[in-house]
Amino acid sequence: MQAAPVRATAIPSFTDALRAVESLLMSSGQRTARRNAWTSVLEDRRRAKDRVEAQRVLDAVASRR
């Protein structure tokens with residue numbers, strides 16, 4: 001009995017598949033704009049988390065006084 005052959009190519013992730021469909025449906029300018037917008041959303045979320053953490057630290061320091 002022989003072993004099953006090993007696949008030489010990796011199975012694409014769901015994200016890779018979505019990007020492939022996106023590239024077929026959108027022009028490069030729209031694709032770039034959408035990625036830039038998503039990057040901005042992620043950066044805004046990161047800044048919001050940082051603000052919350054900074055406020056917690058300030059509140060903790062103020063409550064010790």
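Bear in mind the structure is a predicted one, so any value in this text is a computation, not a measurement.

Colleague: How should I be thinking about the overall build of the chain in this particular structure?
Modeller: Looking only at helices and strands, the chain has two helices and zero strands in total. Relative to its 65 residues, the chain shows a buried fraction of 5%. A total accessible area of about 6,300 Å² is found for the chain, and carbon and sulfur atoms account for 59% of it.

Colleague: In this structure, what is going on with the pattern of salt bridges? I would like to understand it.
Modeller: It is possible for side chains bearing opposite charge to pair when their charged atoms get close. Applying the stated criterion across every chain yields a total of five salt bridges. Among the salt bridges present, the one from glutamate 43 reaches arginine 46, with a minimum N-O distance of 2.4 Å. Residue glutamate 43 and its partner arginine 46 are located together in helix α2 (residues 28-64), separated by three residues, close to a single helical turn. Exposure remark for glutamate 43: the relative accessible area of 29% places this residue in the partly exposed category. A salt bridge links arginine 47 to glutamate 43, with the nearest nitrogen and oxygen atoms 3.7 Å apart. Residue arginine 47 and its partner glutamate 43 are both found in helix α2; the two are separated by four residues, about one turn of the helix. Look at arginine 47 and you get partly exposed, because its relative accessible area is 37%. Where salt bridges share partners, they join Glu43, Asp44, Arg46, Arg47 and Asp50 into one cluster.

Colleague: Explain the packing of helix α1 (residues 14-25) against α2 here, please?
Modeller: Pairs of packed helices are described in terms of their axes, by the angle between the two and the distance that separates them. Contact geometry for α1 and α2: axes closest at 8 Å, N-to-C directions at 135°. Classified by the interaxial angle, the pair formed by α1 and α2 is oblique. Taken together, the residues of α2 that come into contact with α1 (itself represented by Arg19, Glu22 and Ser23) are Arg31, Arg34 and Arg35. A breakdown of the residues in the contact of α1 with α2 according to their chemical character gives no nonpolar, one polar and five charged.

Rules behind the numbers
- Residues numbered from 1 in each chain as written.
- Predicted model: local features only at pLDDT ≥ 70, side-chain atom pairs only at ≥ 80, totals over all residues.
- Heavy atoms only, no water.
- Helix = DSSP H or I, 4+ residues; strand = E, 2+ residues; numbered from the N terminus.
- Buried < 20%, exposed > 50% of the residue type's maximum accessible area, 1.4 Å probe, protein only.
- Areas by Shrake-Rupley, 256 points an atom, 1.4 Å probe, with all protein chains shown as cover.
- Salt bridge = Lys/Arg side-chain N within 4 Å of Asp/Glu carboxyl O.
- Axes fitted to C-alpha atoms, helices over the stretch in contact; angles between N-to-C directions.
- Parallel < 35°, antiparallel > 145°, perpendicular 65-115°, else oblique.
- Contact = heavy atoms within 4.5 Å.
- Nonpolar A, V, L, I, M, F, W, Y, C, P; charged D, E, K, R; others polar.

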